[in-house]
Amino acid sequence: MGICEIIEKKRDGVELSKDEIGSFVSGCVSGTIPDYQASALLMAICVRGMGFRETLGLTEAMASSGARLDLSDIPGRKVDKHSTGGVGDKVSIILAPLVASCGLVVPMVSGRGLAHTGGTLDKLESIPGFRTNLSLTQFKANLRDIGVSIISQTEELVPADRKLYALRDVTGTVASIPLIAASIMSKKASEGTDSLVLDIKVGRGGFMKRADQARELGHLMTRIGREMGLTVVALLTSAEQPLGKAVGNSLEVQEAISVLRGESASEDLLEVTLELSSHMLLLGGRAHDLGEARNLVRSTLQSGRGLSKLRELIGRQGGDSSVVENPERLGRPEFQMEVTSRETGYVAQVDALEIGLASNQLGAGRETIDQEVDRSVGIFLAKKVGEEVSRGERLATIYANSQAKGEEAKERVYRAFKIAKEKAKPPTMVIGILRAG
Ligand code: URA
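All figures in this text were calculated on a predicted structure; none of them were measured in a lab.

Asker: So what's going on with the overall build of the protein chain? Residues and values would help.
Answerer: The helix and strand tally for the protein chain stands at 16 helices and 13 strands. For 437 residues, the compact-globule formula gives about 22 Å, and the C-alpha radius of gyration of the protein chain, at 21 Å, lands near that figure. Here the C-alpha coordinates of the protein chain stretch approximately 65 × 45 × 40 Å along the principal axes. Within the protein chain, residue pairs in contact and separated by at least 24 positions form 79% of the contacts whose partners lie at least 6 positions apart. Here the protein chain has roughly 16,600 Å² of accessible surface; of this, 47% comes from carbon and sulfur atoms. Here the protein chain contributes 55 positive and 56 negative side-chain charges, whose respective centroids are spaced 3 Å apart.

Below is the structure:
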């Protein structure tokens, strides 16, 4: 069947066969299916959905589009973490070195910014020289020597996700349960991890706005994991407001470094990071129960070993590791503008979607597939939900490279804040835990 017929079939809500899915994936990778047809099918999947067999078929076809790594010759348990995407989510940059310094091997194939959410790869590439497109040999050497490496999809590893991920980012086709599941689980099947902790974001800043959708996605991914022989635990965490205080690539790297340095951290960011890390330690057999795992993660963070591991990781991937001591080396954009409160009261909401879109307007994300992101721009939140604020006090700072874009973002960021007379409770961060079974 030709690609036009496959698109029409999905448009009409008919289930695709394994062969049809396979020919779509291989055609995308070889380039015989042009972007406009691939995008049309992605949109049809977005609107019509996919059944379990189709989603598993898509995941397997994507995973088999490149090499499937065997890490069994590298000593130690391999455990990874992947998020479905949120605003201000810099957890991987803290967690990967932290968990590796607790004795596990963390093989992490990450993603770039998707729609209004940022991506670990774009963030890490704000470190001068940092390379994410390592060869598989270099990736394995890092895992063997320092226990951690964070790379992108490449020509060798999940090229299908490399292609489809970039298309979805700019065609309004990210928020689809089967496409997210196949994108994430194909990367995890290819990288050779033994087990996986998923962070399923729920709320305004995530792609799943409601808990029932997030549960559906979590159940689907744990089920796919089981079919592929992966042990998966999924945590549902709140994405109502941005995670932590920084949004934007280099600003988020600075915040991640400051957490690893043991400086005062935003409570929500610390909680999500420690919780996900603890589940990784439990899966990797480094603790008998969650309490023990939490103690190990906390003491490792306090010891500074996570920070040293980040320094090693940056150095191994070609980056300037002195940013760990001198985060100002990451550079600042030309303009800084303050957003101030027009009322006195308590912050009741910081709409993560609006903040993510404002950050993209500043240039932190992509509008077209070949657009370069501006890694220095973003937003720093001075206030989060539950905090008191006086009229005229700073709510946020905008970091911009264009005065006009900065002014636009300023208004959007102001509108993202809701100030109330009564004190609001910060959101509960861990909403639920799902396991296969
Ligand atoms: N992360 C991914 O790798 N893929 C998605 O589709 C969403 C988040």
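What follows continues from the structure just given.
Asker: Any chance you could break down the packing of helix α2 (residues 18-30) against helix α8 (residues 159-169) for me, citing the residues and the numbers?
Answerer: Look at α2 against α8: their axes get within 9 Å of each other, and the N-to-C directions meet at 80°. Considering their axes alone, α2 and α8 lie roughly perpendicular with respect to each other. Seen from α2, the contacting residues are F24, V25, C28 and V29; seen from α8, they are P159, A160, K163 and L164. Across the contact of α2 with α8, the residue classes break down as 7 nonpolar, no polar and 1 charged.

Asker: Let's hear about the site of the ligand: which residues, and what values?
Answerer: Close to the ligand lie H82, S83, T84, L114, Y165, R168, I180, S183, I184 and K187. Within the side chain of H82, a nitrogen or oxygen atom sits 3.0 Å from an oxygen atom of the ligand. Side-chain polar atom of S183 to a nitrogen atom of the ligand: 2.7 Å apart, as the coordinates give it. Out of a free accessible area of 240 Å², the ligand has 98% covered by protein chains.

Asker: I'd like a description of the nonpolar core, backed by residues and values.
Answerer: Counting residues in each nonpolar core, the largest one holds 48 residues, and the members touching the most others are V106, I127 and L310. Per-element accounting of this core gives the leading share, 8 residues, to helix α5 (residues 91-100). What I127 contacts, discounting residues up to four positions off in sequence, is V253, I314, G319, D320, V323 and L330. Counting residues in each nonpolar core, the second largest holds 29 residues, with V174, L220, A234 and L236 among its members.

Asker: How would you summarise the sheet that holds strand β10 (residues 388-389) if you had to cite specific residues and measurements?
Answerer: Within a sheet, adjacent strands bond to each other through the backbone by hydrogen bonds, running parallel or antiparallel. The strand order across the open sheet formed by 3 strands is β10-β8-β12, and the pairing between neighbours is antiparallel. Strand pairing shows two members of the sheet lacking a second neighbour, β10 and β12 (417-420), which therefore form its edges. Here 4 bridges tie strand β8 (residues 345-350) to β12, and the two strands are oriented antiparallel to one another. Residue pairing across strands places V350 opposite F417, the latter belonging to β12. Running at roughly 40° to β12, helix α16 (residues 403-416) makes contact with β8 and β12 of the sheet.

Asker: Can you break down the packing of aromatic side chains residue by residue, with the values?
Answerer: Enumeration over the complete set of coordinates arrives at 0 aromatic pairs. Above the plane of the ring of F52 lies R223, whose end atom (NZ or CZ) is 3.6 Å from the centre. Positioned above the aromatic ring of Y414, the side-chain terminus of R342 is 3.5 Å from the ring centre.

Asker: Could you give an account of the pattern of salt bridges, with specific residues and numbers?
Answerer: Pairing is possible between side chains of opposite charge, provided their charged atoms come close. As enumerated under the stated definition, the model contains 31 salt bridges in all. Here D122 and R375 are joined by a salt bridge, their closest N and O atoms 3.4 Å apart. On the criterion of sequence distance, the pair formed by D122 in helix α6 (residues 120-124) and R375 in the loop between α15 (352-362) and β9 (378-381) is long-range, its members being 253 residues apart. The same class applies to D122 and to R375, which are both buried. Among the salt bridges present, the one from D268 reaches K384, with a minimum N-O distance of 2.5 Å. Within this pair, whereas D268 is found in helix α12 (residues 267-283), its partner K384 is found in the loop between β9 and β10, the two being separated by 116 residues in sequence. For D268, a relative accessible area of 9% gives the class buried. Salt bridges linked by common partners bring R112, D122, E125, R366 and R375 together as one network.

Asker: Please set out the sheet that holds strand β7 (residues 335-340) residue by residue, giving values where relevant.
Answerer: Here 4 strands make up an open sheet; going across it, the order is β6-β9-β11-β7 and the pairing antiparallel. Every interior strand has two partners, whereas the edge strands, β6 (246-247) and β7, have only one. When β6 meets β9, the two strands line up antiparallel, connected through 2 bridges. Bridging from a neighbouring strand, A246 pairs with F380 of β9.

Asker: Go over helix α11 (residues 249-260) with me, naming the residues and quoting the values.
Answerer: Its 12 residues place the ends of α11 17 Å apart at the C-alpha level, agreeing with the 16 Å of an ideal helix rising 1.5 Å per residue. Judged by how many residues are buried, α11 sits mostly within the fold: 12 of 12 residues are covered. Every buried residue of α11 is accounted for by N249, S250, L251, E252, V253, Q254, E255, A256, I257, S258, V259 and L260. Among the residues trailing α11, G262 stands out with phi positive, at a value near 80°.

Asker: Give a detailed account of the side chain of E20, specifying residues and quantitative values.
Answerer: By the secondary structure assignment, E20 is in helix α2. Assessed through its relative accessible area of 9%, E20 is described here as buried. Engagement of the side chain of E20 in a polar contact is seen with the side chain of K9, the distance being 2.9 Å. In terms of polar contacts, E20 uses its side chain to reach the backbone amide nitrogen of S17, at 2.8 Å. Excluding its chain neighbours within four sequence positions, the residues that come into contact with E20 are M1, I6, K9 and E15.

Asker: An account of the packing of α2 against helix α4 (residues 52-63) is requested, with residue identities and associated values reported.
Answerer: Viewed as axis vectors pointing N to C, α2 and α4 meet at an angle of 35°, and their least axial separation amounts to 9 Å. Where α2 crosses over α4, the two elements pack in a sense that is right-handed. The residues of α4 that touch α2, namely those facing I21, G22 and V25, are E54, G57, L58, A61 and M62.

Procedures and definitions
Residues numbered from 1 in each chain as written. Predicted model: local features only at pLDDT ≥ 70, side-chain atom pairs only at ≥ 80, totals over all residues. Heavy atoms only, no water. Helix = DSSP H or I, 4+ residues; strand = E, 2+ residues; numbered from the N terminus. Rg over C-alpha atoms; globule rule 2.2 N^0.38 Å. Contact = heavy atoms within 4.5 Å. Areas by Shrake-Rupley, 256 points an atom, 1.4 Å probe, with all protein chains shown as cover. Lys, Arg positive; Asp, Glu negative; His and termini not counted. Charge placed at Lys NZ, Arg CZ, Asp CG, Glu CD. Axes fitted to C-alpha atoms, helices over the stretch in contact; angles between N-to-C directions. Parallel < 35°, antiparallel > 145°, perpendicular 65-115°, else oblique. Nonpolar A, V, L, I, M, F, W, Y, C, P; charged D, E, K, R; others polar. Near = heavy atom within 4 Å. Polar contact = N/O pair within 3.5 Å; in protein donor to acceptor, adjacent residues only side chain to side chain. Core = buried A, V, L, I, M, F, W, Y, C linked by side-chain atoms within 4.5 Å. Buried < 20%, exposed > 50% of the residue type's maximum accessible area, 1.4 Å probe, protein only. Pairing = 2+ DSSP bridges. Phe/Tyr/Trp six-rings, centres within 6.5 Å; stacked < 30°, edge-to-face > 60°. Lys NZ or Arg CZ within 6 Å of the ring centre and 35° of its normal. Salt bridge = Lys/Arg side-chain N within 4 Å of Asp/Glu carboxyl O. Expected span 1.5 Å × (residues − 1). Left-handed = near helix turned anticlockwise from the far one by under 90°.

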